[in-house]
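Here's the letter readout for the chains.
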Amino acid sequence: MSIILAGVSHHNTPLSIRERLYFPEGDMGKWLDRLADYRGLDERLILSTCNRVEVYTAAEDYEQGLDAIQRFFLESRDIGADELNAHLYVHREDEATRHLFTVASSLDSMVVGEPQILGQVKEAYRVAQSSGHAGKALTNLFSRAFRVAKKIREQTPIGESPVSVSSVAVDLARRIFGSLSGKNVLLLGAGEMGEAAARHLKTSGADTLHVANRTFARAQELASKLGGLALSFDKLEQALIDADVVIASTASQGFVLDKPTVAAALEQRRDAPVFLIDIAVPRNIAPDVNDLEDAYLYDVDDLQSVAADNLRGREEIARDARVILETEVETYLARQQAEELRHTFAAIRFFAESMRQEEVEKTVQRLPELGDGGREALDAMTKALVNKLLHHPFAVLRQMSEKDVEGISVESVQKLFGVEPEGDQGPPAPPPDESD
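Chains are numbered independently. Their residues run from 1 in the order of the written sequence. Local features in a predicted model are, by the rule used here, given only for residues with pLDDT of at least 70; side-chain atom pairs are given and counted only at 80 or more, and totals for whole chains, interfaces and linings are based on all residues. Side-chain metrics in this entry use all non-hydrogen atoms of the structure; hydrogen atoms and water are not considered.

Novice: In this structure, what is going on with helix α2 (residues 28-36)? I would like to understand it.
Specialist: For an α-helix, the turn length of 3.6 residues means that residues three or four places apart are oriented alike. Every buried residue belonging to α2 is among M28, W31, L32 and L35, and all of these are buried. The arc that holds the buried residues of α2, viewed along the axis, is 100 degrees, so those residues lie on one side. Here the buried face of α2 lies against β2 (43-48), β3 (52-59), α3 (62-76) and α6 (116-130). Burial classes: relative accessible area under 20% of the type maximum marks a residue as buried, over 50% as exposed, and values in between as partly exposed (1.4 Å probe, protein chains only). Helix and strand definitions here come from DSSP, where helices need a minimum of 4 consecutive H or I residues and strands a minimum of 2 consecutive E residues; each element is numbered from the N-terminal end. The directions considered for the arc are those from the helix axis to the C-beta atoms. Every residue pair with non-hydrogen atoms within 4.5 Å of one another is taken to be in contact.

Novice: Which parts of the structure should I look at to understand the pairing of strand β10 (residues 295-299)?
Specialist: Strand residues, when the strand is regular, have side chains that alternate between the two faces of the sheet. Judged by which residues are buried, β10 turns out to be one-sided: A295, L297 and D299 face inward and are buried, whereas Y296 and Y298, on the alternate face, are not. For two strands to pair, DSSP has to find at least two bridges joining them. Sheet topology places strand β9 (residues 274-278) next to β10; five bridges connect them, and they run parallel. Bridging across to β10, F275 finds its partner in Y296.

Novice: I would appreciate a short explanation of the nonpolar core in the present structure.
Specialist: In summary, soluble globular proteins display a tendency toward joint burial of nonpolar side chains. Take the buried Ala, Val, Leu, Ile, Met, Phe, Trp, Tyr and Cys residues and link them wherever side-chain atoms come within 4.5 Å; each set so joined is a nonpolar core. One finds L45, I46, F73 and F142 to be the most contacted residues of the largest nonpolar core, which totals 62 residues. When residues of this core are assigned to their parent elements, the largest contribution, eight residues, is made by helix α7 (residues 136-155). Counting 35 residues, the second largest nonpolar core, distinct from the first, contains V168, A206, V211 and I279.

Novice: Sorry if this is basic, but what is going on with the environment of E361 here?
Specialist: Relative to the helices and strands, E361 is located in helix α14 (residues 315-366). In this structure E361 comes out as partly exposed when scored by relative accessible area, which is 33%. Each C-alpha atom of the pair E361 and L45 lies 49 Å from the other, and the pair is 316 residues apart in sequence.

Novice: Sorry, what's going on with the sheet that holds strand β4 (residues 89-92) here?
Specialist: Adjacent strands of a sheet pair through backbone hydrogen bonds, lying either parallel or antiparallel. Here we have four strands laid out as an open sheet, ordered β2-β3-β1-β4, and antiparallel in their pairing. One side of each edge strand has no neighbouring strand; the edge strands of this open sheet are β2 and β4. Strand-to-strand twist across the sheet, computed as the mean angle between neighbouring axes with direction ignored, equals 15 degrees. Pairing of strand β1 (residues 2-9) with β4 involves four bridges; the strand directions are antiparallel. What sits directly across from A6, in β4, is V90. Against the sheet, α2 engages β2 and β3, with an angle of about 140 degrees to β2. Axis definition: a line fitted to C-alpha atoms, over the contacting stretch in the case of helices. Angles run 0 to 180 degrees between N-to-C directions.

Novice: Which parts of the structure should I look at to understand the packing of helix α5 (residues 93-104) against α6?
Specialist: The N-to-C vectors of α5 and α6 enclose an angle of 125 degrees; their axes lie 8 Å apart at closest approach. Classified by the angle their axes make, α5 and α6 are oblique. Contact with α5, carried on its side by L100, V103 and A104, involves I117, L118 and V121 of α6 and no other residues of that element. Across the contact of α5 with α6, the residue classes break down as six nonpolar, no polar and no charged. An angle counts as roughly parallel when it lies under 35 degrees, as roughly antiparallel when it exceeds 145, as roughly perpendicular when it falls between 65 and 115, and as oblique in every other case. Only Asp, Glu, Lys and Arg are considered charged, only Ala, Val, Leu, Ile, Met, Phe, Trp, Tyr, Cys and Pro nonpolar, and every remaining residue, Gly among them, polar.

Novice: Which parts of the structure should I look at to understand the domain arrangement of the protein?
Specialist: Interface size is commonly expressed as the accessible area that is lost once the parts come together. What marks off one domain from the next here is an automatic or database domain assignment. We note that the domain assignment places domain 1 (2-158), domain 2 (165-304) and domain 3 (333-417) within the protein. Distance from the C-alpha centre of domain 2 to the C-alpha centre of domain 3: 68 Å.

Novice: How do you make sense of the sheet that holds β10 when you look at a structure like this?
Specialist: Strand order across the open sheet formed by six strands is β7-β6-β5-β8-β9-β10, with parallel pairing between neighbours. Whereas interior strands pair on both sides, the edge strands pair on one side only; in this sheet they are β7 (229-231) and β10. Averaged over all pairs of adjacent strands, the angle between their axes in this sheet comes to 20 degrees, without regard to strand direction. Relative to β7, strand β6 (residues 208-212) runs parallel, the two sharing three bridges. Bridging from a neighbouring strand, H210 pairs with L229 of β7. Lying on the sheet, helix α10 (residues 216-226) is in contact with β5 (184-188), β6 and β7; it crosses β7 at an angle near 165 degrees.

Novice: Got a minute to help me understand unusual backbone geometry in this structure?
Specialist: In this chain, V281 is followed by P282 through a cis amide linkage whose omega measures 0 degrees. Within the secondary structure, P282 sits in the loop between β9 and β10. Positive phi values are uncommon outside glycine, yet E93 reaches one of about 50 degrees. Phi at S106 takes a positive value of approximately 65 degrees, unusual for a residue other than glycine. Along the polypeptide, S106 turns up in the loop between α5 and α6. Taking relative accessible area as the criterion, S106 reaches 1% and is therefore assigned buried.

Have a look at this one:
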């Protein structure tokens, strides 16, 4: 079974393409079911965040599995083959393992060390596992990824003074104004990212905080926590007239603010500029808003320069984390190899024992004069012969596997003996909690 990972991220794909590949969290079960319709994918998981969209699968045939993932993207999202292939990265086996461990540990994030990604990876696994799409292979892989992420946070300071896309957005606003003291802030969206942004804004000295959300009760809840004011979406234009900073982070699949709405508000502002920071994917604010005089729009990708400053201050921590990560990758892969080899040896023994019993039966039928005593002797002799014949090659193969001799793999051993190990039966166990 091959582990295959294919996806795009902020490293190589602009936001304009990532948002077209994005899968809404609330519909993830539906998309996993759709992915299951493609032949060759035994297990399936989709990770979709503001910075990446990745499909993880376990497949018996690598080429068939990769083709299925590519067709799934092309047939379910608004993208052509040339555009997809220009940005899609693909990892398998060892590299897929290393990539997932790096992502879950927030070492591949735009904001290195941000804690949200681990929760997003856990939620992606939870949905896949509870809906029957993640089996033993993905459970083993993701369980280990969660443990590695926990170990890195325990053994390095990467989790201290936590940063996030929300905090970077507020840092950008602070850089623009020098200080947020006395500034009016309009927050669009009261979800997790919106709440995080609101908290950073208040600690940075923002004066007035207005919270708008499609669910007004949620806007009231967040506003009351932070001493702000809740408003409904039909009051946005008036709130926009008074706002110095707008931070958008709703789960809307369309634009919440368009160019005419912002233009109308600017006419009332009398040349006072407004800074809009859109941290949502898909975007909440129409990109052409940036064409308006006195409107300064930043999106998630524009935050990368601010995030780069964060990375420069955390390079040593990241290096220490990567040392731990590489050790964990090697340990996990070695254990997986040993486990696969153990199952393969068991399959070879079963195959050899079946052949031995068959030949013993043939011999007994040809030699009825053997009697019970002769049959027992023949049975014991052939068992000993099979064990002796298998002992040395098994020992050598195990040593060669441990030393990672080129050309020696579990697959090559299976082909050599003409067997495939039986998979373990039963439902996969859920991954451990961080408290484990």
